[in-house]
Amino acid sequence: MFHNNLSGVSPLPTHIHTLVDLLTSRAESNSHKLACAFLEKGELPTHEFTYDQLDLRARAIAARLQALGLSGERAILLYPSGLDYIAAFFGCLYAGVIAVPVYPPQMGKQIDRVLAIVKDSGAKAFLTNQEIMKAIGLFMPELVAGNPEAWIATDQIENKESTQWHTPAITGQSLAFLQYTSGSTGNPKGVCVTHQNLLHNERMISEAFRHQEGEMIGVGWLPLYHDMGLIGNIIQPIFVGQPIYIMSPLSFLQKPVRWLQAIDRFKATSSGGPNFSYELLMAKTTPEEIAALDLSSWNVAFTGAEPVRADTIRRFSKMFAPAGFREEVFYPCYGMAETTLLISGGDEGKLPAMLHLDPTALGNNEIKPVEAQTPHAISVVGCGHTWGGQTVQIVHPETMEICKDRQVGEIWVKGESVAAGYWNNPEATEKTFHAFIKTTGEGPFLRTGDLGFIYDNELYITGRLKDLMIIRGKNHYPQDIEHTTGQSHEALKPGGCAAFSIEVSGEERLVIAAEIEPNTLKTHSSESIFGAIKSEIAIRHELQVYAITLLKRRSIPKTSSGKIRRKACKEAYLLKELSIEAEWISDLTEENTEATEISPTPTPVLDASGIQAWIITWMSKKLRVPAAKIDPQESMQAYGLDSMGTAEFEEEISQFVGFKWPVMDFLINEPTIEEISKRGEMLLAERKSKSY
């Protein structure tokens, strides 16, 4: 067990009990100081709020919500990352409305998840802007047309309405917003986050990150519907009264170096993201770009939301050292929506703690440190200690007893940042938020579902108690992916699929194992089954599949009651013990290099055929598919292109054709590669005619 007190941090003024108190106080004391700025294309500020401007917009939006009688109700927020999102969020708080941040569906994706959240939350209003409202009307006409009066375009609300605002009847115990976890789309769980939870967690973050000392300048690209983006990148700067420069996640994904360039340009001191974002920077940043950077102002490079990898820390620190980056700037931390955000973090300015463990002992839930050079040693990164008087215990998940020293167990958390429970779900709340130590009766604790241990006052995360997968910083439940797989092709059946992740080159990658009936491959080609699986998973889950194995009937390990034993299936896959009928692996290997040789980049020809040739070559390199096997009559999604790949495609094809092509808009209807190419030729012709 460990816990820590909030030492060295001045208490909040006695009149601040809610985020409304916080922002109104900032608007009075820092009225003309920059609060947040949006970086268009991730580069230059185009829109900004000072503290008094943000306060004014929040009052205007709140006044409209109050006039509609929505105080105490739930409101869905559907915005892209930007200042509209921030104003609407605080507008809800100012009105006493419970905000429900949701990412708007793109290209028809995530519709089921949005509808499930709408149903679970019982939302009475939808806040967005005119552009998004129009787009959602195409994807979800029944939602918009069925209740048009519930839709509010906040960009049409004038500031003069702010005079009608009145202070809401809320306290620190009042719900501020519902943070929906990235769980099963059929059974979403909304975490009930109170104003007190937020203020306590923000105070923890400010001490852990040393934001209360001197100037804190933030740069962020994380999505604002996500707890790390909203609480860490938006509310935290407001809590300490300092500015934040934000860009859309798309701007970062299209050109990752924009993140570092913004840190350099604005001399940011605090910024971060999941492990995959640092890997992406290493893969996409050139030596010339590094030479032009100055990252010496960066004091806290937080990393969380997915397993933090020692190898990533070492390689990134070495690669960006010429730009002034220091390894001690890395700040591994651990948290989750159920604890508002932060659970643990280290001491700022110290090298990240690392341990090297004996894999056999770890497999038995025991900790046995070994030397780094020991063959097959497993490296784990420490995620610091608790803050804010919170308590962490390592507990045996079945006996509910505290684990012995150097034993792996489930991480349990108790403290003021632990949320109030799950919205309208008392059974799940009781199971997750109301756990007690069997021997002492201490509690209630939050059961995180994560496995870990404490060593030398440092918390280490070793895995997950359940089958939850974290890929590129986003949670994915295997049962959702298995359901999609079973529905993707007539040769597959629900209940005969297993989804799990494996580590490939320091990154979690998705593997699908699916049973097929005897003689299936005589009537269906394996390529058609692989293509259907990849396409459906890319569309519905925005994931790119790494490998697919088609198995003989009754090959997937199951319990006596018929449940998928995913861990056993993963172990059998890694040991090559599965009864494989056909297999597809996305990455090239020495054995199949000749068979999957990628054609060189074609000579640029700016017509339909030239654009098509460029797209096929790009897809071949990106998705590791032989160019000869890419059919122009298929969509790009059919080959498993995920949202991150789509963002990269938009950036790179815009460079190829010589102008900014908003491909995202065009890809809504999943056109074929041939249709994309013809559309590009038409756009080029239009631009040429206008130039004369």
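Reference entry: report on the structure contained in this document. Going along each chain's sequence as written, the residues are numbered from 1 onward. Local features are withheld for residues below a pLDDT of 70 in this predicted model, meaning they are given only at 70 or higher, and side-chain atom pairs are given and counted only at 80 or more; totals for whole chains, interfaces and linings count all residues. Only hydrogens and water are set aside; all other atoms, that is, all heavy atoms of the structure, feed into the side-chain values.

As for the nonpolar core
Part 1 of the reasoning: Buried Ala, Val, Leu, Ile, Met, Phe, Trp, Tyr and Cys residues form a nonpolar core when they are joined through side-chain atoms within 4.5 Å. Using a 1.4 Å probe on the protein chains alone, a residue whose accessible area is under 20% of its type maximum counts as buried, one over 50% counts as exposed, and one in between counts as partly exposed. Counting 126 residues, the largest nonpolar core has F89, F90, L127 and W298 as the members making the most contacts within it.
Part 2 of the reasoning: With near-sequence residues (within four places) excluded, F90 lies in contact with L19, L23, L54, A58 and I238.
Part 3 of the reasoning: By size, the runner-up hydrophobic cluster in this structure holds 24 residues, among which are I630, F656, L683 and L684. By definition, residues are in contact when any of their heavy atoms lie within 4.5 Å.

With respect to the state of the cysteines
In protein chemistry, a disulfide is the covalent bond that joins the sulfur atoms of two cysteines.
Part 1 of the reasoning: Our working definition of a disulfide is a cysteine sulfur pair at a distance within 2.5 Å. Counted according to the given criterion, the structure contains zero disulfides.
Part 2 of the reasoning: No disulfide involves C92; its sulfur sits 15 Å from the nearest other cysteine sulfur, which is in C192.
Part 3 of the reasoning: Given the relative accessible area of 0%, C92 is considered buried.

Quick look at helix α11 (residues 275-284)
Structurally, the α-helix is built with 3.6 residues per turn, so residues lying three or four positions apart point the same way.
Part 1 of the reasoning: With eight of ten residues buried, α11 is to be regarded as a mostly interior element.
Part 2 of the reasoning: The numbering of helices and of strands both runs from the N terminus, where a helix is a DSSP run of H or I of at least 4 residues and a strand a run of E of at least 2. Within the span of α11, buried status applies to N275, F276, S277, Y278, E279, L280, L281 and M282.

Observations regarding helix α16 (residues 478-488)
Part 1 of the reasoning: Across the eleven residues of α16, eight count as buried, placing the element largely inside the fold.
Part 2 of the reasoning: Every buried residue belonging to α16 is among P478, D480, I481, E482, T484, T485, G486 and S488, and all of these are buried.

Some remarks on the pattern of salt bridges
Part 1 of the reasoning: What counts as a salt bridge is simple: a side-chain nitrogen of Lys or Arg found within 4 Å of a carboxyl oxygen of Asp or Glu. One pass over the full model with this rule turns up 19 salt bridges.
Part 2 of the reasoning: Among the salt bridges present, the one from K267 reaches D264, with a minimum N-O distance of 3.0 Å.
Part 3 of the reasoning: A salt bridge links E410 to R447; its shortest N-O distance comes to 2.6 Å. With E410 in strand β20 (residues 409-414) and R447 in strand β21 (residues 446-455), the pair connects residues that are 37 residues apart, well separated along the chain. R447 carries the same exposure label as E410, and that label is buried.
Part 4 of the reasoning: Here the salt bridges do not stand alone but share partners, grouping E43, R258 and E651 into one network.

With respect to the pairing of strand β26 (residues 507-515)
Part 1 of the reasoning: Where burial is concerned, most of β26 is hidden: eight out of the nine residues are buried.
Part 2 of the reasoning: With eight bridges connecting them, strand β25 (residues 497-504) and β26 associate as antiparallel partners. Counted as the bridge partner of V504 is E507 from β26.
Part 3 of the reasoning: Two successive antiparallel strands, β25 and β26, enclose a turn made up of two residues, where S505 displays a positive phi of approximately 50°.
Part 4 of the reasoning: A pair of strands is treated as paired once DSSP finds two or more bridges between them. The pairing of β26 with strand β27 (residues 545-551) spans six bridges and is parallel. Paired with L510 across the strands is V545, a residue of β27.

In short, the description is geometric, and any link to function would need to be established separately.
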